[in-house]
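Tertiary structure, described
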Amino acid sequence: MQRVALFGLLVLAAAFGGAAEKSPIVPFVVPAGRPDEAEVRGIVEKLGEAGFGQFLVYPSTGLEYEYLGEDFFAMYAAFLDEAKKRGMRVWLYDEFNWPSGTARGRVPAENDACLYRELVAVRNAGGDVDWQTVASRETNVDNYCLDGNNCEAASVRRFMELTHHEYERRFRGYFGSTIPGIFSDEPGHCSSAWKLKTPPGTVLRVPYWSTMEEDYARATGGRDFRGDCASAILKGGLRGTDIFQTWTKIRSERYRETYFDPIRTWCERLGIVSCGHLYSEEGPLGCSRVNGMPLNTLAGFSKPGIDLIKSDTNRGFEWITLAFGQAGARMRGRPGIVELFGLGPCDISFTTMRKLYWLCAQHRIDTYFQGTYHTKAYRFDVKDSWAMFTSPSQPWFGEMPLLHEAAKEAARWAAKPFRCDIAVVYPQRQCAAAAFGAAVSPGKAFVEVCRDLTWSQLTYELIAEDEPTDCSVVVDWKADRPFDRRSGRFFASSAELAAWLDEKFAARPRVVDGTGRTRPGFVTRAYADGSAVAVDTASGEVIVSNDGALRPRAKKAAGRPVANDWKLALSGPSRRRVWFWTKKADAQRATDDWLRREDKVETAPRHERDNLAKIVVTEPIGRVKLALRRYPAEKRFSVTLDGKPLAFDRPCSSVDFAYDGLYDETAPIALAPGEHVFELSGGKDGKLFLPVMWMIGDFAEKEYGKLSAVPSATPCCSLASAGLASFAGTATYRADAEFAEGERLTVDSGDAVVRVRLGGQDLGAKGWAPFVWEIPPSLVGRRIPLEIDVVTSVRPIFGSEKSPDAKLDHALWVPSSFSDPSPVGLRSATAGF
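Throughout what follows, the structure given in this document is the object of discussion. Remember, predicted model here, so these are calculated numbers, not experimental data.

Description of the overall build of the protein
When helices and strands are tallied, the protein shows 17 helices and 44 strands. Its C-alpha radius of gyration of 28 Å places the protein within 12% of the 28 Å reference for a compact globule of 833 residues. Once the C-alpha set of the protein is aligned to its principal axes, its extents read approximately 85 × 65 × 55 Å. Taking all 833 residues of the protein together, 61% fall into the buried category. Taking contacts inside the protein between residues at least 6 apart in sequence as the whole, the part at least 24 apart equals 78%.

Rendered as structure tokens:
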């Protein structure tokens, strides 16, 4: 019999201010430059028109106001006032960029005692152990300022004085209504530690705070931390000692006491929630080293959260992170939050976004913070290793109501108690000890267990080592081997454990194949009321069952084509990124130097000068504009076309609302047939999401570098196959069609959003399968106009880093697109029963 995982949810409506009536999607809005009041109000208006009921203002690279200065707060006041007028909510963000805790470096800059520091053990020439406390005076790699120490009470007090209390002083009347909560981002992530200079002979480095040794002595009955470590080091190593199992516990307690608990208490006093996420959730060793006991630390938030970096939900996805968030929600008794799509890629489909909302809801998460609304693209001058746009830059932005309804439906399930009979112990102390070389690491085995159980449609709860549970199976650890605490059975691998549990709980609701075996790749929850939900991690299908029977959607037989050729109309011109070829990268270090690598791979040898771009025009193309980047101001690019200077003498209005202000453009020019050569001066082209130059016009490009006229008609195929790989917008396909009684229209768009009109009647839009439309009886049996809109993402305008001429000056965190070339377009349109 499966237990029911119950946790109190009645606090939700009061704490979250009735957010259930609003879309649970919360975009990160990145104000850039010096936005005035009119611009700010316009941003809120656009969000409201797109169906958003809430958003987070994210101070980040590109914002030119002094952080926490008067102009900054005036901007915030305009956001809050306009949101209040529209009945919307504004989440606070407690830092500039991330990690949280320094007020953009001001706290450690004011007081050396607030700097991040480590206790360092060094073997001296005589073989003994000496100790040093080393403070980091390096800048971190995410916020470009000094790192603070959030285990120091004085540091956090000053952080809150500058940030939390200043927001309260200025905007007290908005708290608990317009302001529902405040977001803290990876507060333990001190990346300057990667660059910390330690003495030769260093054998141990430990994150340090001023009372650490007193805390250790109190926890161990008077033992000396340095003495314990030195003794173990001199005897051959730390392994087998309990030093760091104790240390991780006191670090977590200290972290809670100095950082999380004061912020949560402040939030409770003001009627809002504290939320956010920790660092290194998917890596148990790093998570324990930084955060202490991660489960205990996560529960310091009143609405705990996670950060899902990836979007490709294969077996290697961040399943432990989702389980971690599920545990945080259980411990706090309310659904949690998630940060999604921060790394893109920016061609994420509605199918993928909806799938992630549902996967999060299955793990008790009901609020979906989502990257990113770039008001201006300044940020990409520095942070160009990833991109996601939840903004009018996306052609599909006007179809956001589809996602809002999907997210609302998913979020309703986050609060439902589900059945669970498996507990998995999070080996927090052992992982921390392993991070310091003091224990065999269970980290990899732990991650594999979480992956295999999830992949086998097994529901489990993460619990702390000493946490009581009534689950009939408790997966615990002996070194790096999993065993069932109830039966005492050990398992050689995570696969063996998953197979045993799959058989043991064979009666649970699950998706099975034709032989009755569990189908891998579905994530399943069975709820206390007898209902069940399964998510297909591959296709994105969501199966909702009121009776617990989980049956995937049956595949339909292929229908007949409704037309052979389609007239094609585009919502705007193509915006082709011009790659300026260079034989090697700039000598400068990559902008994302936190990757600690430089991309200096040589391109294929060419007997050409750097900074050239060539195109061949096969038929006359008129009214082409070229847009040249003018940001940052010190960059003064210039370009010649066939040896003659181009005049970029007009404000740009042809690229995108977030980019136009960073570019100037030419008057329309005509390109005659033949080869044309652009040459760039003043710098090099190396930023994927901040091109030096765009070419804007009505042209196609079936073969790289060869431009022709846009086709006026096309068979069913992808836009890329039609030569429109650089088109981003709405492609409208038109043909006359006739449907028999009972026939339905089925469209394959390459997973893009589709809107259908038949006989002038709007049949609606769909963002995920099944892309099937019922035909109104009044339109049956008539040959009438059929229009199919296929809506792309913004991704095509940035070109492909796989282009023969592409050369980036930095590494990418994730692939820049899911599919290259893109499959989007009208690939088929059929009529069938």
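A word on the sheet that holds strand 27 (residues 644–645)
Across the sheet, which stays open at both edges, the six strands sit in the order 27-26-31-24-34-33 with mixed pairing between neighbours. Two strands in the sheet have a free side with no partner beyond their single neighbour: strand 27 and strand 33 (700–703). Strand direction decides the pairing type here: strand 24 (residues 612–617) and strand 31 (residues 674–681), joined by six bridges, are antiparallel. Across the sheet, residue I615 finds its bridge partner in strand 31, namely H676.

A short note on the layout of surface pockets
Empty space among the atoms becomes apparent when a probe as large as a water molecule is rolled across them. The volume enclosed by the largest pocket comes to roughly 1,100 Å³. Taken together, 49 residues line the largest pocket, and the ones lying closest to its centre are S819, D820, P821, S822 and P823. Counting residues per element, the ones that place at least two in the lining of the largest pocket are helix 13 (350–362), strand 23 (574–577) and strand 33. By residue number, the principal contributor to the lining of the largest pocket is helix 13, which donates four residues. Partitioned by chemical class, the residues of the lining of the largest pocket number 19 nonpolar, 19 polar and 11 charged.

So, helix 3 (residues 70–85)
When the terminal C-alpha atoms of helix 3 are compared, their 23 Å separation across 16 residues agrees well with the 22 Å that a helix rising 1.5 Å per residue should span. Tucked inside the fold, the buried residues of helix 3 contact strand 2 (25–30), helix 2 (37–49), strand 3 (54–57), strand 4 (89–93) and helix 6 (164–171). A positive phi of about 70° marks G87, the residue just after helix 3.

A closer look at helix 14 (residues 400–414)
Side chains of residues three or four places apart in an α-helix project in the same direction, reflecting 3.6 residues per turn. Between the first and last C-alpha of helix 14 there are 21 Å, a value that for 15 residues agrees with the 21 Å anticipated at 1.5 Å per step. Inspection of helix 14 places M400, L403, H404, A406, A407, K408, A410, A411, W413 and A414 among the buried residues, and these make up the whole buried set. Those residues of helix 14 hidden inside the fold are in contact with strand 2, helix 13, strand 12 (365–374), strand 19 (532–536) and strand 20 (542–545).

As for the nonpolar core
Ranked by size, the top nonpolar core spans 177 residues in total, and within it F244, Y368 and Y659 carry the most contacts. Counting residues per element, this core draws most heavily on helix 9 (residues 243–270), at 11 residues. Residues in contact with Y659, not counting those within four places in the same chain, are A377, F380, F389, F689, L690, W694 and F798. Among the nonpolar cores identified, the runner-up in size contains 34 residues, and C717, L719, I775 and L786 belong to it.

So, the packing of aromatic side chains
The final tally for this structure, using the stated rule, is 58 aromatic pairs. Judged by centre distance (6.1 Å) and plane angle (75°), the ring pair of Y373 and F657 falls under edge-to-face. Of the two residues, Y373 is situated in strand 12 and F657 in the loop between strand 28 (650–651) and strand 29 (663–665); the sequence distance between them amounts to 284 residues. For F657, a relative accessible area of 31% gives the class partly exposed. Counting every residue linked through ring pairs, the aromatic cluster contains Y67, F72, F73, Y76, F96, Y167, F171 and Y174. The residue whose ring lies beneath K416 is Y527, and the NZ or CZ to ring-centre distance is 5.3 Å. Over the aromatic face of W579 sits the side chain of R577, whose NZ or CZ is 3.5 Å from the ring centroid.

A word on the pairing of strand 25 (residues 621–629)
The pairing of strand 25 with strand 30 (residues 669–671) spans two bridges and is classified as antiparallel. What sits directly across from V624, in strand 30, is I669. Both strand 25 and strand 32 (residues 693–697) contribute to a ladder of four bridges, which runs antiparallel. Paired with A627 across the strands is W694, a residue of strand 32.

Let's talk about the pattern of salt bridges
Evaluation of the coordinates by the stated rule reveals 58 salt bridges. The salt bridge involving R226 is made with E213; its shortest N-O contact spans 2.7 Å. With a gap of 13 residues between them, R226 in helix 8 (residues 225–234) and E213 in helix 7 (residues 212–219) connect regions that are remote in the sequence. Classification of R226 as partly exposed rests on a relative accessible area of 24%.

A few points about the environment of N97
Note on placement: N97 falls in the loop between strand 4 and helix 4 (106–110). With 583 residues separating them in the primary sequence, N97 and L680 have C-alpha atoms 33 Å apart. The contact partners of N97, leaving out residues within four places of it in the chain, are Y58, P59, S60, T61, D142, N143, Y144, R379 and K383. Polar contacts involving the side chain of N97 include one to the side chain of S60, which spans 2.5 Å. Of note is the side chain of N97, whose polar atom sits 2.9 Å from the side chain of T61.

Focus on the side chain of S726
For S726, the location among the structural elements is in the loop between strand 36 (717–718) and strand 37 (730–737). Judged by relative accessible area, S726 falls into the buried class, the value being 11%. If sequence neighbours within four positions are ignored, S726 has contacts with S574, R575, R576, F699, P796 and I797.

Some points on the packing of helix 7 against helix 9
Between helix 7 and helix 9, the shortest axis-to-axis distance is 10 Å and the interhelical angle comes to 115°. Relative to helix 9, the crossing made by helix 7 is right-handed. Across the interface between the two elements, M212, D215, Y216 and A219 from helix 7 touch I243, T246, W247, I250 and R254 from helix 9.

Comments concerning unusual backbone geometry
Following G371, the chain continues to T372 via a peptide bond in cis, the omega torsion being -25°. For T372, the position within the fold is in strand 12. P632 follows Y631 through a cis peptide bond whose omega is -5°. If you trace the backbone, P632 turns up in the loop between strand 25 and strand 26 (638–641). Even without being a glycine, Y144 presents a positive backbone phi close to 60°. Secondary-structure assignment places Y144 in the loop between strand 6 (129–135) and helix 5 (153–162). Note on Y144: relative accessible area 35%, which makes it partly exposed. Residue S280 is not a glycine yet carries a positive backbone phi of 65°. If you trace the backbone, S280 turns up in the loop between strand 9 (273–277) and helix 10 (284–291). For S280, a relative accessible area of 22% translates into the label partly exposed.

Re the side chain of Q326
Secondary-structure assignment places Q326 in helix 12 (residues 319–332). Other than its neighbours up to four places away in sequence, Q326 contacts Q362, H363, R364, F418, Y460, E461 and R525.

Regarding the sheet that holds strand 35 (residues 713–714)
Strand order in the open sheet made by the six strands is 35-22-37-42-39-40, with antiparallel pairing throughout. Strand pairing shows two members of the sheet lacking a second neighbour, strand 35 and strand 40 (761–766), which therefore form its edges. Relative to strand 35, strand 22 (residues 566–570) is paired through two bridges, and the arrangement is antiparallel. Bridge pairing in strand 35 places W566 opposite T714.

Brief notes about the environment of R354
Tracing the backbone through its elements, the reader meets R354 in helix 13. C-alpha separation for the pair R354 and L402, spaced 48 residues apart in sequence, amounts to 9.5 Å. Excluding residues that lie within four positions of it along the chain, R354 makes contacts with L403, A406, G540, V542 and W768.

Thresholds applied
Residues numbered from 1 in each chain as written. Predicted model: local features only at pLDDT ≥ 70, side-chain atom pairs only at ≥ 80, totals over all residues. Heavy atoms only, no water. Helix = DSSP H or I, 4+ residues; strand = E, 2+ residues; numbered from the N terminus. Rg over C-alpha atoms; globule rule 2.2 N^0.38 Å. Buried < 20%, exposed > 50% of the residue type's maximum accessible area, 1.4 Å probe, protein only. Contact = heavy atoms within 4.5 Å. Pairing = 2+ DSSP bridges. 1 Å grid on protein atoms, 1.4 Å probe; cavity = no way out; pocket = protein on both sides within 12 Å on 5 of 7 lines; lining within 4 Å. Points joined across faces, edges and corners; volume = space filled by probe spheres on them. Nonpolar A, V, L, I, M, F, W, Y, C, P; charged D, E, K, R; others polar. Expected span 1.5 Å × (residues − 1). Core = buried A, V, L, I, M, F, W, Y, C linked by side-chain atoms within 4.5 Å. Phe/Tyr/Trp six-rings, centres within 6.5 Å; stacked < 30°, edge-to-face > 60°. Lys NZ or Arg CZ within 6 Å of the ring centre and 35° of its normal. Salt bridge = Lys/Arg side-chain N within 4 Å of Asp/Glu carboxyl O. Polar contact = N/O pair within 3.5 Å; in protein donor to acceptor, adjacent residues only side chain to side chain. Axes fitted to C-alpha atoms, helices over the stretch in contact; angles between N-to-C directions. Left-handed = near helix turned anticlockwise from the far one by under 90°.

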